[in-house]
Amino acid sequence: MTALGQATARLLFDPVHALVFPSTCPGCGREVERPTRGPLCAACWRALPRHRGPVCPCGFPLPADGAAPCGRCRRGIAPFARGASLGPYEGTLRLLVHELKFHGRRRVAERLAEALLADVTVRAALTGAQVVVPVPLHPRRRRERGFNQSGLLARALARPHGLRVAEDALARREDTPPQTGLSAAGRRANVARAFVVRRRPAVAGRIVVLVDDVLTTGATARACARALVAAGAAEVRLVTAARVA
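Because the structure is a prediction, the values reported are computed rather than measured. (Residues numbered from 1 in each chain as written. Predicted model: local features only at pLDDT ≥ 70, side-chain atom pairs only at ≥ 80, totals over all residues. Heavy atoms only, no water.)

Asker: Explanation requested: helix H8 (residues 149–158) in the structure shown.
Answerer: One turn of an α-helix holds 3.6 residues; hence residues three or four places apart share an orientation. Burial within H8 is extensive, with nine of its 10 residues counted as buried. Listed as buried for H8 are Gln-149, Ser-150, Gly-151, Leu-152, Leu-153, Ala-154, Ala-156, Leu-157 and Ala-158. With a side-chain oxygen lying 3.1 Å from the backbone nitrogen of Ser-150, the N-terminal cap of H8 falls on Asn-148. (Buried < 20%, exposed > 50% of the residue type's maximum accessible area, 1.4 Å probe, protein only. Helix = DSSP H or I, 4+ residues; strand = E, 2+ residues; numbered from the N terminus. Polar contact = N/O pair within 3.5 Å; in protein donor to acceptor, adjacent residues only side chain to side chain.)

Here is the structure:
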């Protein structure tokens, strides 16, 4: 079925689904008018948290009184030529990431991608790129979860731009402990040698967009970017659904 056909089917199915299987929005408690476009109601989708305050072109936040670019970019050590994310990892945006990542609601990736593609900084990060690479899970975690949430998001972002997704180009060779609770230095050490490029021809000489669900300190994303650059990537850009404030 074509994308138009799928959209038409959802429009016809939604009123029946909402009547037979009513559901409430986890963001506000109101009824979800279009369940196939859930889990949020339309109002909560429109009101997703957005970033406030200055952001460096590489995607990392700047102090309120700080000048762009950031210190890493000024010193020439930032691994990202561009960076963008939808909003802070809080409220309904955090809820959506959890629904996708921990509750297996894969369709959330499509809706998050729609919201991301409506953002001018995200479109700029994708424009001119040649390949999209998701941050990989270790094979054991991938088997346990059944999918890679970053891979779903990468495919949904790449499709409207006609970009190729190299999902197996980057691999996580070490099953490192979760980053949650670690200091910034601990996070960097935890993932320092965790990633390796398995398919150099997929990224060598190309502008690569690295995709992940959440950016915290950036340790994981930077480790991935270093591996991509070492494999010959001409440029690495970063797109994430959310960023920890």
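Asker: Mind showing me how you'd approach the packing of helix H4 (residues 91–103) against helix H5 (residues 107–117) here?
Answerer: The angle between the axes and the distance between the axes are what describe a pair of packed helices. Between H4 and H5, the shortest axis-to-axis distance is 8 Å and the interhelical angle comes to 145°. The way H4 lies across H5 gives a crossing that is left-handed. Here Leu-93, Leu-96, Glu-99 and Leu-100 of H4 lie close against H5, whose contacting residues are Val-108, Ala-109 and Leu-112. Within the contact of H4 with H5, the residues separate by chemical class into six nonpolar, no polar and one charged. (Axes fitted to C-alpha atoms, helices over the stretch in contact; angles between N-to-C directions. Left-handed = near helix turned anticlockwise from the far one by under 90°. Contact = heavy atoms within 4.5 Å. Nonpolar A, V, L, I, M, F, W, Y, C, P; charged D, E, K, R; others polar.)

Asker: Would you mind showing me how to read the sheet that holds strand E3 (residues 164–165) here?
Answerer: In any sheet, the strands associate via hydrogen bonds between backbone groups, in a parallel or an antiparallel arrangement. Strand order across the open sheet formed by five strands is E1-E7-E6-E2-E3, with parallel pairing between neighbours. Lying at the two open borders of the sheet, with one neighbouring strand each, are strand E1 (82–88) and E3. With six bridges joining them, E1 and strand E7 (residues 235–243) adopt parallel strand pairing. By the bridge assignment for E7, Ala-84 is matched with Val-239. Across the sheet, helix H11 (residues 219–230) lies against strand E6 (207–215) and E7, angled at about 165° from E6, the strand it touches most. (Pairing = 2+ DSSP bridges.)

Asker: Explain the nonpolar core here, please?
Answerer: Residues Leu-112, Leu-153 and Leu-157 are the most contacted members of the largest nonpolar core, which totals 38 residues. Where this core is concerned, the elements lending two or more residues are helix H2 (42–46), E1, H4, H5, helix H6 (120–126), H8, E6 and E7. Counting 30 residues, the second-largest nonpolar core is a separate cluster that includes Phe-60, Leu-62, Ala-225 and Ala-227. (Core = buried A, V, L, I, M, F, W, Y, C linked by side-chain atoms within 4.5 Å.)

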